[in-house]
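Overview (structure and organization)
So you can see what is in the structure, the chains are spelled out below.
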Amino acid sequence: MKRILSAILVAGLFVSLPAYAIDIIDLHQNDASGVPTMLGQTVTVTGVVTVPKMVFSDYSLEIYIQDATAGINIYVSSAIDDYEAALGDSLTVTAPVAHYQGLTELGTASADVTIVNHGPASVIPDPMVITCAEMNASYLADNTEPNESRLIRINGVTIDSGTWPTVPSSSNSFIDIDDGTGIGLLFIDKDCEVNGSPAPTGSFDVIGILKQYDSSSPHTDGYEILPRYIGDVVVDIPGPPILGFPLVRNVTQTSVDILFETLDPGSSEVEYGLDDSYGNTAGDAGASETDHLVPLSGLTPGTLYHFRVKSTDSSGTNYSDDRVLVTASAIPGQIHIAMSNSADHSYADGENVAENQNISQIVSDLIGMATVSVDAAMYSFSTTNVRDALIDAHQRGCQVRIIIDANNSSSYADQCAAYGIPYIRSTFAGNHGADENYGYMHNKFIVIDGFDVDTGNNWVWAGSANLSYSGDGDTNNTFRIQDYGLSQAYTLEFDEMWGNHGPGPNPWYSKMGSNKIDNTPHEFMINGIRIEQYMSPTDQVRYHIQQTIGSADHSVYFCIYAFTDYHITDAMKNRRYDIPELEIRGVFDEGQNCSTGSQYYDMIGDPCADPYAWDTPADVWLDTFLPSSNLLHHKYLVVDANWENSDPMVLAGSHNWSFSAETKNDENTVIFHDVGISNLYLQEFADRYHESGGTGPLGEVDVGVEEHDDVSGRLLSRVNGYPNPFNPFTNITFTTKKMAPIDVRVFDATGRLVRVLAEDQNMEAGYHILGWDGKNDAGKAQPSGVYFARVSGQVPGDGSLETGQVKLVLVQ
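For clarity, every value in this text was computed on a predicted model and none was experimentally measured.

Focus on the side chain of Ser 510
Here Ser 510 lies in the loop between helix H6 (484-498) and strand E27 (523-526). Within polar-contact distance, the side chain of Ser 510 engages the backbone oxygen of Met 497 at 2.6 Å.

Some thoughts on the sheet that holds strand E30 (residues 583-589)
Taken together, eight strands build an open sheet; the order of strands is E27-E28-E34-E33-E32-E29-E30-E31 and the sheet is mixed. Sheet topology places E27 and strand E31 (619-623) at the edges, where each strand pairs with a single neighbour. Taken over all neighbouring pairs, the strand axes of this sheet differ in orientation by 15° on average, direction set aside. Taken together, the five bridges between strand E33 (residues 649-653) and strand E34 (residues 667-673) define a ladder with antiparallel strand orientation. Following the sheet pairing, Gly 653 is matched in E34 by Thr 669.

Side note on the pairing of strand E1 (residues 42-51)
Counted residue by residue, E1 has nine buried out of 10 residues, so it is predominantly covered. As judged from the seven bridges shared by E1 and strand E4 (residues 89-100), these two strands associate in the antiparallel manner. Paired with Val 43 across the two strands is Ala 95, which belongs to E4. Pairing of E1 with strand E2 (residues 61-66) involves three bridges; the strand directions are antiparallel. Note that in E2 the partner of Val 51 across the bridge is Tyr 64.

Side note on the state of the cysteines
In the structure shown here, the tally under the stated rule is one disulfide. Disulfide partner of Cys 594: Cys 608, at an S-S distance of 2.1 Å. Looking along the S-S bond of the Cys 594-Cys 608 disulfide, the torsion reads about 105°, which is the right-handed sense. Separated by 14 residues along the polypeptide, Cys 594 in the loop between E30 and helix H9 (599-603) and Cys 608 in the loop between H9 and E31 bring together distant segments of the chain. Overall, the relative accessible area of 22% leaves Cys 594 in the partly exposed class. In this model Cys 192 remains outside any disulfide bridge; the closest cysteine sulfur is found in Cys 132, 18 Å from its own.

Description of empty space enclosed by the protein
Tallied over the entire structure, the rule returns four cavities of 30 Å³ or more. Size it by volume and the largest cavity reaches roughly 60 Å³. In terms of lining, the largest cavity is formed by Ala 328, Ser 329, Ile 331, Pro 332, Gly 333, Gln 482, Asp 483, Met 525, Ile 526, Asn 527 and Phe 729. Counted by class, the lining of the largest cavity contains six nonpolar, four polar and one charged residues. Counted as a void, the second largest cavity has a volume near 40 Å³. Residue lining of the second largest cavity: Ser 329, Ile 331, Pro 332, Gly 333, Thr 455, Gly 456, Asn 458, Gln 482, Asp 483 and Tyr 484, and that is the complete set. For the lining of the second largest cavity, a count of residues per class yields three nonpolar, six polar and one charged.

Details of the packing of aromatic side chains
In the structure shown here, the tally under the stated rule is 23 aromatic pairs. Both rings, one in Phe 445 and one in Tyr 490, keep their centres 5.0 Å apart while their planes meet at 75°; by these two values the pair is edge-to-face. Note that Phe 445 is positioned in strand E24 (residues 444-448) and Tyr 490 in helix H6, a separation of 45 residues in sequence. Taken individually, Phe 445 and Tyr 490 each receive the classification buried, so the pair is uniform in this respect. Relative to Tyr 787, the ring of Trp 772 has its centre 5.4 Å away and its plane inclined at 65°; by these criteria the two rings are edge-to-face. Of this pair, Trp 772 sits in strand E40 (residues 766-772) while Tyr 787 sits in strand E41 (residues 785-794); the two residues are 15 residues apart in sequence, bridging distant segments of the chain. Residues Trp 772 and Tyr 787 agree in their burial class; the two are buried. Among the aromatic residues, those joined into a ring-pair cluster are Phe 558, Phe 563, Phe 588, Tyr 600, Tyr 601 and Trp 657. Its guanidinium or amino end placed over the ring of Trp 459, Arg 480 lies 4.5 Å from that ring's centre, counting from NZ or CZ.

Topic: the sheet that holds strand E39 (residues 753-763)
Overall, antiparallel pairing links the four strands, which are arranged E39-E38-E41-E42 in an open sheet. Of all the strands in the sheet, just E39 and strand E42 (801-810) have a single pairing partner and so form its edges. Recorded for the sheet is a direction-independent mean angle of 15° between the axes of neighbouring strands. The pairing of strand E38 (residues 740-748) with E39 spans seven bridges and is antiparallel. Across the sheet, residue Ile 742 finds its bridge partner in E39, namely Gln 761.

A few points about the pattern of salt bridges
For the structure on display, the rule yields 30 salt bridges. The partner of Lys 53 in a salt bridge is Glu 84, with the nearest N and O atoms 3.3 Å apart. Residue Lys 53 is located in the loop between E1 and E2, and its partner Glu 84 is located in the loop between strand E3 (71-76) and E4; the two are separated by 31 residues in the primary sequence. This pair shows no difference in class: Lys 53 is buried, exactly as Glu 84 is. Here the salt bridges share partners, and the residues they tie into one network are Asp 623, Glu 684, Asp 687, Arg 688 and Glu 691.

What counts and what doesn't
- Residues numbered from 1 in each chain as written.
- Predicted model: local features only at pLDDT ≥ 70, side-chain atom pairs only at ≥ 80, totals over all residues.
- Heavy atoms only, no water.
- Helix = DSSP H or I, 4+ residues; strand = E, 2+ residues; numbered from the N terminus.
- Polar contact = N/O pair within 3.5 Å; in protein donor to acceptor, adjacent residues only side chain to side chain.
- Pairing = 2+ DSSP bridges.
- Axes fitted to C-alpha atoms, helices over the stretch in contact; angles between N-to-C directions.
- Buried < 20%, exposed > 50% of the residue type's maximum accessible area, 1.4 Å probe, protein only.
- Disulfide = S-S within 2.5 Å.
- 1 Å grid on protein atoms, 1.4 Å probe; cavity = no way out; pocket = protein on both sides within 12 Å on 5 of 7 lines; lining within 4 Å.
- Points joined across faces, edges and corners; volume = space filled by probe spheres on them.
- Nonpolar A, V, L, I, M, F, W, Y, C, P; charged D, E, K, R; others polar.
- Phe/Tyr/Trp six-rings, centres within 6.5 Å; stacked < 30°, edge-to-face > 60°.
- Lys NZ or Arg CZ within 6 Å of the ring centre and 35° of its normal.
- Salt bridge = Lys/Arg side-chain N within 4 Å of Asp/Glu carboxyl O.

Printed below as a string of structure tokens:
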């Protein structure tokens, strides 16, 4: 059961009622004992979702809908994955009337419940404003409860008694609130995000569902308000309301731009500093505007800053929550892309992507570079080489920390623990339940030297590959990035799950899954390449996937293991509606199932997906070519591959396109804005697409690759530089066919050595990006002119030297 049937939607708040449907208010007629008179009867109602699934329960379907007359609870035990119900969706529900502790419900058993989701309604109901006294008197003299299960709002309340769960509690919380008309009960469900939120101070408003819990007859008492989200607790704050989160853009070594919006006009200011005491303020205190752009300048390269935006009007000043950003490093970084399966190099436009790579060996070699620390977050862990590398790192004095998912074997982690390496599982401190319905720690990332004061040797490895025996045989993509700022973002995420910035895990502060908050920087500039990173389930990754798709001008290509989130499918369909000639091509792992909601069947127009099958199918395929024992385990999206002027992007990481990844799993996602990286992923996609049966054109545009030395030896191929001409950053790119020590040096036109970017650095086979910032080894900016980047390495086996170079033009 899903969504869309837009033809059924009508203008206004709700779809028109089927002839056999009744008004929801009819369900709230009771006998003298407070029991619904329609108890046990099967009825049909239509309403708009005011509480979606996964808010009050992670296991059973517990949602609320509301029509123009009243609201009702829909409850189906153990059926969280059987239905889809997002906030604002219009549903038609057929189910028996039930009664639980005074609350009238529809449902209880999946076999008795039918839900048709008509997609988003045009308007979500506004909460009804009532008082505590009115809430307490919800049972009327005529035995009706017209406000039960409605979305309500009580304004101007203060806490009378009870303890707010500022740290997530394993049980429900009960708070007495007072609005001057009486004392009411505020109930905080242990499964909702209000559990673990900051306690409101002073007067506040609360929005939520008016629910009843009265275990004794007559059921005429026990009314309470249940907030759904942190935003339902509205603290009375002066100043212009700030809309959403502030954005960080145009990151350089010494400056960034901060953008934010306010509902009402006000000043444009940002407080910032090295911690959350800030100490610096930028912006225009005299402004009166709703769209705000505040430049921060004079910053230090490769530095993590805290900031908050503020806006002032005649009513006072409003502040955002604390956020973090990181400036670009002064030390050029490296980016390496590797594929575990074959790629079609005939699609290469500059560089050949590294194919048929041993991913676990790449990871163990990277761990071997660590000098201070290694943080490893692994869904599954059973590769001997990675285990041995972690133990070796620990024995040479590195701080090593490991997190694994509780649903997989801990044998290799236990072997590491025998050497003194601490590890935790995803159920640590009660974060994820033992049952899979509580979500997974599904990350696959490694941070190298995140604790090092040296900002030039920090690495992040991530991608789709599990570091397990079975994962080694699957089809995956991974990336390895040398950058201080990105390493700090991933370290912050690891610390949050670990509960501590140190060797020992802390159960009091450990947060995983939906217990986490959005607390990492998202914008990075590495060698002039814009990179975004987002963590699930806190950072609205689905939204960023939708935004990436929505930016497409020419093509959307994807390879995906699990794809059940129809919001992403709808984003593709909507973009094709805007651009009819848009290429939508995709490859799914062959293990898809229509009954479990795989979007493959929707996209090919299979009748099993009726009524959600696409009228004009997309060009999508199952990769049946791969051995059945090996998964197509990718989770990547390529937008406008090769189209340099259309902001080509690659979105990759551990995040499957599923509701679990969006709402409860620990995941990580990176978005590359780069034509070269888009071409690398295009090469891998082309092989998967063609072997699955695809025949359409792919990325057919000349990206205008700059002059390069087309070396085609046994070790090196295709040395290139972009942008070229450049100022201030350019990237030297090349491919190595084997693991080898590599030198990368920059010379001026006279042959004088200007900069050493790599010296005898072991680089695995694959595609490499090394940045140059136009400075010499002493850090002095070089004048405009012609330079040459020379790449050289010794061929393994015979020791012969191979060299390639590219001409670069610096324009100051």
